[in-house]
Amino acid sequence: MARDGGKAKTATQSPDGPAKVTITEIAREAGVSVPTVSRVVNGRSDVSPATRARVEDLLHRHGYRRRQTSPGDRAALLDLVFNDLDSPWAVEIIRGVEEIAHEQGVGTVVSAIHDRAGDAHQWMTNLRARASDGVILVTSVLEQGLHDELRRLGVPLVVIDPAGGPALMAPTVGATNWAGGMAATEHLLGLGHRRIGFIEGPPRLLCSRARLDGYRAALDAAGVAVDDTLIVPGDFYHESGFTGANHLLDLDEAPTAIFASSDQMALGAIEALRRRGLRVPEDMSVVGFDDLPEVRWSSPPLTTVRQPLADMGKLAARSVLDLARSVEPASPRVELATELVVRASTAVPRTV
């Protein structure tokens, strides 16, 4: 049968025999993804023996013949998709994903969709063209229609730090944000602070809400009433930390410590304190969340909750590559441990 616009029909008809089955049809019958069948056809080793045997049997039964190609056949690819790329924590996740991709001989395509429908649809168009083997979505929302299209294409999806609900039934990788929020607040309470300001992250994100819940839980466990005037909005970026700290300092009774739910907001808060002639930690203790590489070099070095961002990227990459090989994850939801890292930005309050 003739080709239309460079794309093969669902099956091709040879003048000497019956219609020829396509890789998509083989994948559907085998119950695996299209990239998995492609790996078998191309003699790749990264397919489980049972899956390989099932696919090869179907290929033989249907008389599938590999399309003749040039020596430069398409390399395996992973799509790594962020909402924004202007954050150092994105670099840490990319570093983790790239390490596993390099080990596995897989390329990585990094995109930002900015929560705009047009960007997401353009990304999907590009993904179809490059026939990606898997997608890792980071703190972004993919509308149901695009998720359905990924399933139709047989492209597996893993989500890091899901926004909102259960991430469209995809496996997820996160950190123990609630425990981290509690540990940071308990550290400040242990130093004697009782009025602790909190700068939130975006409330649409599960990780933001978990950090706030951890802060509330620590106060409650210590018998300290939660004062909602001490909780101010933020978006994980420097400017909102700067604005949030100024709001807290303008209260009739300012806090003696600030817990910002990201390192970038903590650095913004420290700048707001500096401009008011206040010293950290002598006049105000500050705690962040993430443990980005630069905060150990801030002035003073920042006490923070270490989030294993690179490890999250590694685990997500391993998981999505396993899914592409038809290996299901041991757990659909994995949370890696956070850890409090105490440096020089926290101290006993002056009033104690």
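Remember, it's a predicted structure, so these values are computed and weren't measured experimentally.

**Some words on the overall build of the protein chain**
Right, so step 1: The helix and strand inventory of the protein chain stands at 11 helices and 14 strands.
Right, so step 2: In the protein chain, which comprises 352 residues, the share counted as buried stands at 50%.
Right, so step 3: Long-range contacts, defined here as pairs at least 24 residues apart, represent 72% of the contacts in the protein chain between residues at least 6 apart.
Right, so step 4: Counting only carbon and sulfur atoms, one obtains 53% of the accessible surface of the protein chain, whose full area is about 16600 Å².

**With respect to the environment of Gly96**
Right, so step 1: Along the chain, Gly96 falls in helix α4 (residues 88-104).
Right, so step 2: Looking at Gly96, the relative accessible area reads 0%, which means it is buried.
Right, so step 3: For the pair Gly96 and Lys314, spaced 218 residues apart in sequence, the C-alpha to C-alpha distance is 4.6 Å.

**Re the pairing of strand β11 (residues 285-290)**
Right, so step 1: Burial analysis of β11 places 6 of its 6 residues in the buried class, which makes it a mostly covered element.
Right, so step 2: One crossover worth recording links strand β10 (residues 257-260) to the parallel β11 by way of helix α10 (residues 263-275), and it is right-handed.
Right, so step 3: Sheet topology places β11 next to strand β12 (residues 303-306); 4 bridges connect them, and they run parallel. Of the residues in β12, the one forming a bridge with Phe289 is Val305.

**Some words on helix α2 (residues 34-41)**
Right, so step 1: For α2, a buried count of 7 out of 8 residues is recorded, marking the element as mostly surrounded by other parts of the structure.
Right, so step 2: Among all positions of α2, only Pro35, Thr36, Val37, Ser38, Arg39, Val40 and Val41 are buried.
Right, so step 3: On its buried face, α2 sits against α1 (23-30), α3 (49-62) and α11 (309-324).

**What to know about unusual backbone geometry**
Right, so step 1: The omega torsion of the bond from Val280 to Pro281 falls at 10°, within 30 degrees of zero and hence cis.
Right, so step 2: Mapped onto the fold, Pro281 is located in the loop between α10 and β11.
Right, so step 3: Looking along the chain, the bond that leaves Ser299 and enters Pro300 is cis, with omega of 0°.
Right, so step 4: Positionally, Pro300 belongs in the loop between β11 and β12.
Right, so step 5: Non-glycine residue Phe236 carries a positive phi angle of around 80°.
Right, so step 6: As for its position among the elements, Phe236 is in the loop between β9 (231-232) and α9 (238-249).
Right, so step 7: A positive phi angle is found at Asp290, which is not glycine, with a value near 140°.
Right, so step 8: Along the chain, the position of Asp290 falls in strand β11.
Right, so step 9: Owing to a relative accessible area of 5%, Asp290 belongs among the buried residues under this scheme.

**Here's the deal with the pattern of salt bridges**
Right, so step 1: One pass over the full model with this rule turns up 20 salt bridges.
Right, so step 2: When the shortest N-O distance is used, the salt bridge between Arg195 and Asp227 registers 3.2 Å. Residue Arg195 is located in the loop between α7 (177-191) and β8 (196-199), and its partner Asp227 is located in the loop between α8 (206-221) and β9; the two are separated by 32 residues in the primary sequence.
Right, so step 3: Relative accessible area serves as the criterion here: at 25%, Asp227 is assigned to the partly exposed category.
Right, so step 4: In the salt-bridge network here, residues are joined through shared partners; they are Asp291, Arg306, Glu339 and Arg343.

**Focus: the nonpolar core**
Right, so step 1: The biggest cluster of nonpolar side chains holds 65 residues, and the ones touching the most others in it are Ile136, Tyr215 and Phe259.
Right, so step 2: Ranked by the residues each element gives to this core, the list is headed by α11, at 7 residues.
Right, so step 3: Ignoring sequence-local partners within four residues, the contact set of Ile136 consists of Leu78, Asp79, Leu80, Val81, Val97, Val158, Ile160, Ala316, Ala317 and Val320.
Right, so step 4: Core analysis: the second largest hydrophobic core is formed by 15 residues, Met124, Val135, Leu137 and Ala170 among them.

**A closer look at the sheet that holds strand β7 (residues 172-175)**
Right, so step 1: The sheet built from 6 strands is open, its strands ordered β4-β3-β5-β6-β7-β13 with parallel pairing. One side of each edge strand has no neighbouring strand; the edge strands of this open sheet are β4 (107-112) and β13 (333-336). Taking the axes of each pair of neighbouring strands and ignoring which way they run, one obtains an average angle of 20° across the sheet.
Right, so step 2: Across 6 bridges, strand β3 (residues 77-82) lies against β4 in parallel orientation.

**Focus: the side chain of Ser262**
Right, so step 1: You can see Ser262 is positioned in the loop between β10 and α10.
Right, so step 2: Among the polar contacts listed, one links the side chain of Ser262 to the backbone oxygen of Phe236, at a separation of 2.9 Å.
Right, so step 3: Setting aside anything within four residues of it in sequence, one finds Ser262 in contact with Phe236, Gly288, Phe289 and Asp290.

**Some words on the environment of Asp250**
Right, so step 1: Inspection of the secondary structure assignment puts Asp250 in the loop between α9 and β10.
Right, so step 2: One polar contact links Asp250 to Arg276, side chain to side chain, over a distance of 2.9 Å.

**What about the sheet that holds β8?**
Right, so step 1: Spatially, the 6 strands line up as an open sheet ordered β9-β8-β10-β11-β12-β14, and their pairing is mixed. The outermost strands of the open sheet, each flanked by one partner alone, are β9 and β14 (339-341).
Right, so step 2: As paired elements, β8 and β10 share 4 bridges and run parallel to each other. Looking across to β10, one finds that Ile199 is bridged to Ala260.
Right, so step 3: Where α10 meets the sheet, its contacts fall on β8, β10, β11 and β12, and the angle it forms with β11 comes to roughly 155°.

Reading the values: the criteria
Residues numbered from 1 in each chain as written. Predicted model: local features only at pLDDT ≥ 70, side-chain atom pairs only at ≥ 80, totals over all residues. Heavy atoms only, no water. Helix = DSSP H or I, 4+ residues; strand = E, 2+ residues; numbered from the N terminus. Buried < 20%, exposed > 50% of the residue type's maximum accessible area, 1.4 Å probe, protein only. Contact = heavy atoms within 4.5 Å. Areas by Shrake-Rupley, 256 points an atom, 1.4 Å probe, with all protein chains shown as cover. Right-handed = clockwise from strand over helix to strand, strands pointing away. Pairing = 2+ DSSP bridges. Salt bridge = Lys/Arg side-chain N within 4 Å of Asp/Glu carboxyl O. Core = buried A, V, L, I, M, F, W, Y, C linked by side-chain atoms within 4.5 Å. Axes fitted to C-alpha atoms, helices over the stretch in contact; angles between N-to-C directions. Polar contact = N/O pair within 3.5 Å; in protein donor to acceptor, adjacent residues only side chain to side chain.

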